[in-house]
Amino acid sequence: MAKWYAARLNCPHATPEGPCLDCPVCLQIGAGVFQDCTLLGVQEPVTIDAVREVRVRAAEAPHGGGWRVIVLAEAQFLRAEAANALLKVMEEPRQNLCFLLLAPQRGRLLPTLVSRGWVVTLPWPLPDLADATLPDDLKNWVEALDTFLGTGRGWFEKTSVKNSVDADLARRLVLTAQKGLAAALARRSSSECRLGARFASLPDSGCAYVDDVLAQCQRSLDLPTPVNPALVLDWMAVRLYLAVRRSLKGGRP
Ligand SMILES: [Zn+2]
């Protein structure tokens, strides 16, 4: 989407509907080699040194006739120092300069960055929501979590196995639960997405609570000093279980 937008700003044949996606400019942007489009944070987290370089580049006019576009992927991982350095150039941007900060949720970006931006919220792509499209390891964990939410059983046997959970798996599971919640809130959940179907039975207050729990898990997993990911998942599972139980009894979580 960020590349599409960069192409929209630079394609000489762009129309209000979008870029042509066929000309040299569009193709170069698609391949990540267009000189006025900088992509950061895709392979590795954006460092303070990278931001300093961005500031130098941001001061230059675009070489082509369009816009200089600087894309920062996974911008939620920007540390305070890098974010502050970025803030300075975002506060006084030169003409035809566009920063695109990509993050799973705006709440995970520093508020100072969000306040200088224009927020575009994209829906989760629908096909991704079906459990069948998940990789096998993750699918097993989703099943275990859903079973635990329904029965209160089978969870701790899984997380207590030594080295069964690493931070990456924990992040992916939290993200899958967030997608399920998004599907439930958008009334798009189906039986093909177990967590979505599970959360769809929650009242609005329960969904808000689950959203808070998942955001807190995510923050814990992104801390500079990592928290034990198995503990984060246990904490999450127990709270989600209680939310589901309370909704069955008609109470508030
Ligand atoms: Zn084009």
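Rules used throughout
Residues numbered from 1 in each chain as written. Predicted model: local features only at pLDDT ≥ 70, side-chain atom pairs only at ≥ 80, totals over all residues. Helix = DSSP H or I, 4+ residues; strand = E, 2+ residues; numbered from the N terminus. Buried ≥ 20, exposed ≤ 12 C-beta atoms within 10 Å, placed from the backbone. Pairing = 2+ DSSP bridges. Right-handed = clockwise from strand over helix to strand, strands pointing away. Axes fitted to C-alpha atoms, helices over the stretch in contact; angles between N-to-C directions. Contact = placed C-beta atoms within 7 Å. Expected span 1.5 Å × (residues − 1). Domains from an automatic or database assignment. Parallel < 35°, antiparallel > 145°, perpendicular 65-115°, else oblique. Left-handed = near helix turned anticlockwise from the far one by under 90°. Nonpolar A, V, L, I, M, F, W, Y, C, P; charged D, E, K, R; others polar. Core = buried A, V, L, I, M, F, W, Y, C linked by C-beta atoms within 7 Å.

Remarks on the overall build of the chain
When its secondary structure is counted, the chain shows 11 helices and 3 strands. The helix and strand sequence of the chain, counted from the amino end, reads α-α-β-α-β-α-β-α-α-α-α-α-α-α. Viewed in the frame of its principal axes, the chain has a C-alpha envelope of about 60 × 40 × 35 Å. Residue burial in the chain is summarised as follows: out of 253 residues, 31% are buried.

Quick look at the pairing of strand β2 (residues 68-72)
Across the 5 residues that make up β2, a large majority, 5, are buried. Where strand β1 (residues 37-40) meets β2, 4 bridges bridge the pair, whose relative direction is parallel. Its bridge partner being in β2, L39 is matched across the sheet by V71. With helix α3 (residues 48-58) bridging β1 and its parallel neighbour β2, the resulting β-α-β unit is right-handed.

A word on the sheet that holds strand β3 (residues 97-101)
With parallel pairing, the 3 strands of this open sheet are ordered in space as β1-β2-β3. The open sheet is flanked by β1 and β3, the only strands paired with a single partner. Ignoring strand direction, the axes of neighbouring strands in this sheet form an average angle of 10 degrees. Sheet contacts for helix α1 (residues 2-10): β1, β2 and β3; angle to β2, the most-contacted strand, approximately 175 degrees. α3 rests against β1, β2 and β3 of the sheet, and its axis sits at about 170 degrees to β1.

Examining unusual backbone geometry
Phi at L21 takes a positive value of approximately 65 degrees, unusual for a residue other than glycine. Secondary-structure assignment places L21 in the loop between α1 and α2 (24-31). Assessed through the 16 C-beta atoms surrounding it within 10 Å, L21 is described here as partly exposed.

Some remarks on helix α10 (residues 204-222)
If you check α10, its first and last C-alpha atoms are 27 Å apart, about what 19 residues at 1.5 Å a residue would give, namely 27 Å. Along α10, the positions that sit buried rather than exposed are G206, Y209, V210, V213, L214, C217 and Q218. The secondary structure elements touched by the buried residues of α10 are α8 (167-185), α9 (194-200) and α11 (229-249).

Here we look at the domain arrangement of the chain
On domain assignment, one finds that the chain holds domain 1 (2-115) and domain 2 (126-249). The straight-line distance from the C-alpha centre of domain 1 to that of domain 2 is 32 Å.

Things to note about the packing of α8 against α11
At their nearest, the axes of α8 and α11 sit 8 Å apart, and the two run at 25 degrees to each other. Classified by the interaxial angle, the pair formed by α8 and α11 is roughly parallel. The hand of the α8/α11 crossing is left-handed. Two secondary-structure elements touch here, α8 through A167, A170, L173 and V174 and α11 through P229, V232, L233 and M236. Tallied by class, the residues present in the contact of α8 with α11 amount to 8 nonpolar, no polar and no charged.

A word on the environment of V51
Here V51 lies in helix α3. Not counting residues within four places of it along the chain, the set of residues in contact with V51 comprises V46, A82, A85 and L86.

So, the pairing of β3
In this structure, β2 lies alongside β3, joined through 5 bridges in parallel fashion. What sits directly across from R68, in β3, is L97. Once you follow β2 into helix α4 (residues 80-91) and on to β3, the crossover reads as right-handed.

Overview of the nonpolar core
Within the largest apolar cluster, 30 residues are counted, with the highest numbers of intra-cluster contacts made by V210, L233, M236 and L240. Looking at this core, the elements with two or more residues in it are α6 (136-151), α8, α9, α10 and α11. Top element by residues in this core is α11. It accounts for 8 residues. Leaving out residues up to four positions away in the same chain, M236 has contacts with V174, V213 and C217. Judged by nonpolar contacts, the second largest core, of 27 residues, contains A58, A75, A83 and L101.

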